[in-house]
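Structural overview
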2 protein chains.
Amino acid sequence: MQRWKLTVEYDGRPFVGWQRQDNGPSVQQSLEEALQRLSGETVRVHASGRTDAGVHALGQVVHFDLEKPFAGLKLRDALNHHLKPAPVAVLLAEEVPDDFHARLSCLGRSYVFRIVNRRAPLALDAGRAWHVQRPLDAEAMNLAARHLIGQHDFTSFRAALCQAKSPVKTLDRLEVERQGDELRIHAAARSFLHHQVRNMVGTLELVGAGKWQPDDVRRALEARDRAKAGPTAPPDGLYFVSARY
Amino acid sequence: MQRWKLTVEYDGRPFVGWQRQDNGPSVQQSLEEALQRLSGETVRVHASGRTDAGVHALGQVVHFDLEKPFAGLKLRDALNHHLKPAPVAVLLAEEVPDDFHARLSCLGRSYVFRIVNRRAPLALDAGRAWHVQRPLDAEAMNLAARHLIGQHDFTSFRAALCQAKSPVKTLDRLEVERQGDELRIHAAARSFLHHQVRNMVGTLELVGAGKWQPDDVRRALEARDRAKAGPTAPPDGLYFVSARY
């Protein structure tokens, strides 16, 4: 038996999310079925982080075990062949030791959230960025973001369905940069609560629009009450960038 | 009567190209039908540059005349409403003098061509970049590109169907930059021959792959023979960036 680590890119739009569900196709199912077709084995694939419906990945990391031996390059190319036409691409396939676990061994995860900030609708980025029409002040969003960096109880930014044991997380990076019409919000942490990035982005958007002051974000954090923070940003703009081991 | 200038973004994938044709939907048709629905007038729209099937635009410029008066912002927003669900977005609508002509008044056009250079297929960029699997040397491509800059007879890079009177054009910029897995080829000129950018990119790719030396591009140019240059790159990677007046 060989344990494998894959680095995977996907377009989240056609999927109900990373995880297998009864109501539609998932990225997990695409990968597991491609592995089944390739190897004849029934394989369970574990991801570094589950992504919600509509959330994309530039470098999701997954692991699984195969009985059949493969060479790394061959496994990658053959899997990509069997994944068609699902918008899922294996960028890298690496042999790893048996104790490697995509989720449990992960030391850090990073996301980027794209906002296209303009009046006109998105012709090229529909489903791949959050379209915000009202003008956003990226500098104010950046000031607000600083209140969230560090170790905090993130209850105010946690989905009701979140299964994490503790709401305390350490946010290593939350940074807003503007490039023309586009805002990119970079977030990094060892791990995140369910919807944490989208809830932080939805809150920062209120600051960008001038509805909130940067300091209001600190107060929302300290309230430890989901109702005190901003709305959940749509999944369209969220990309799982990388996992660190 | 008022003459209008629009700046337009579109995703080229569902279209047979800019120009109206019998075999499928065009960007021109989408705009003309949206204008008809909005104003009740039968409007003919002229573009700065016709794009082929599958070619995208970040900032195509078009003009047309309307009898009915509109305010600029209102025209843009209303047109975007009537364009749905076509992936065409009006970024800007401006009133211009009667002698403005999107094609004839244009002083410069710029394109970017995106290549994703990696083994794995494109999950997020399918149809929006040229997927080249063999490794490309961007520096060699850049050296080769320099042979094409300036005023030349571009017969070797001209489509058989090209209707331009002269094959002589002045290429102001042709530059290859690599950002990770992605190569961006920037091209600018007062005007281009039909397929010129795609034919130049298809030729530079041969240099990047080491099949050609940079100097071979000079020889291909001097041959003034389409058969002596490289193949036409696919439309997927090509974006009309802007038109200058």
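Because the structure is a prediction, the values reported are computed rather than measured.

**Regarding the environment of B:Arg134**
All names here are of chain B. Checked against the element boundaries, arginine 134 lands in the loop between strand 6 (130-132) and helix 3 (138-146). Residue arginine 134 is classed as partly exposed on the basis of its relative accessible area, which comes to 33%. The contacts of arginine 134, once residues within four sequence positions are left out, are Asn117, Glu205, Leu206, Ala209 and Lys211. Of the polar contacts made by the side chain of arginine 134, one reaches the side chain of glutamate 205; its length is 2.8 Å.

**Digging into the relation of the copies chain B and chain A**
Superposing chain B onto chain A takes a rotation of 180° combined with a translation of 0.0 Å along the rotation axis, leaving an RMSD of 0.0 Å. Classification of the inter-copy transformation places it as that of a two-fold axis. Distance from the rotation axis, computed per C-alpha, reaches its smallest value in chain B at B:Asp125: 5.5 Å.

**A short note on the domain arrangement of chain A**
Residue and element names in this part refer to chain A. Each assigned domain of chain A is listed with its residue range as follows: domain 1 (2-96) and domain 2 (108-244). The centre of domain 1, based on its C-alpha atoms, is set 27 Å off from the matching centre of domain 2. The contact between domain 1 and domain 2 buries some 1,200 Å² in all, and 51% of this surface belongs to carbon and sulfur atoms. At the surface where domain 1 touches domain 2, the tally comes to one salt bridge. Of the charged contacts, one joins arginine 198 and aspartate 52 as a salt bridge, the two residues approaching to 3.2 Å between their closest N and O atoms. Viewed at the interface, domain 2 and domain 1 are joined by twelve residue pairs in polar contact (both at pLDDT 80 or more). Class assignment of the residues belonging to the side of domain 1 that touches domain 2 gives a composition of five nonpolar, seven polar and four charged.

**Quick word on the UniProt feature "active site" (unreviewed entry) in chain A**
Here, the residues flagged by UniProt with the feature "active site" (unreviewed entry) are A:Asp52. Other than its neighbours up to four places away in sequence, A:Asp52 contacts A:Val16, A:Gly17, A:His194, A:His195 and A:Arg198.

**Topic: the environment of B:Gly17**
Residues and elements named next belong to chain B. Locating glycine 17 in the fold gives a position in the loop between strand 1 (2-10) and helix 1 (27-39). On the basis of relative accessibility, which here comes to 3%, the residue glycine 17 falls in the buried class. For the pair glycine 17 and arginine 118, spaced 101 residues apart in sequence, the C-alpha to C-alpha distance is 28 Å. Sequence-distant contacts of glycine 17, that is, excluding residues within four places in its chain, are made with Ser26, Val27, Thr51, Asp52 and Ala53.

Cut-offs and rules
Residues numbered from 1 in each chain as written. Chains lettered and ligands numbered in written order. Predicted model: local features only at pLDDT ≥ 70, side-chain atom pairs only at ≥ 80, totals over all residues. Heavy atoms only, no water. Helix = DSSP H or I, 4+ residues; strand = E, 2+ residues; numbered from the N terminus. Buried < 20%, exposed > 50% of the residue type's maximum accessible area, 1.4 Å probe, protein only. Contact = heavy atoms within 4.5 Å. Polar contact = N/O pair within 3.5 Å; in protein donor to acceptor, adjacent residues only side chain to side chain. Least-squares fit on C-alpha atoms with pLDDT ≥ 70 in both. Domains from an automatic or database assignment. Buried area = accessible area lost by both parts, 1.4 Å probe. Salt bridge = Lys/Arg side-chain N within 4 Å of Asp/Glu carboxyl O. Nonpolar A, V, L, I, M, F, W, Y, C, P; charged D, E, K, R; others polar. UniProt positions renumbered as here; feature names shortened; annotations may be inferred.

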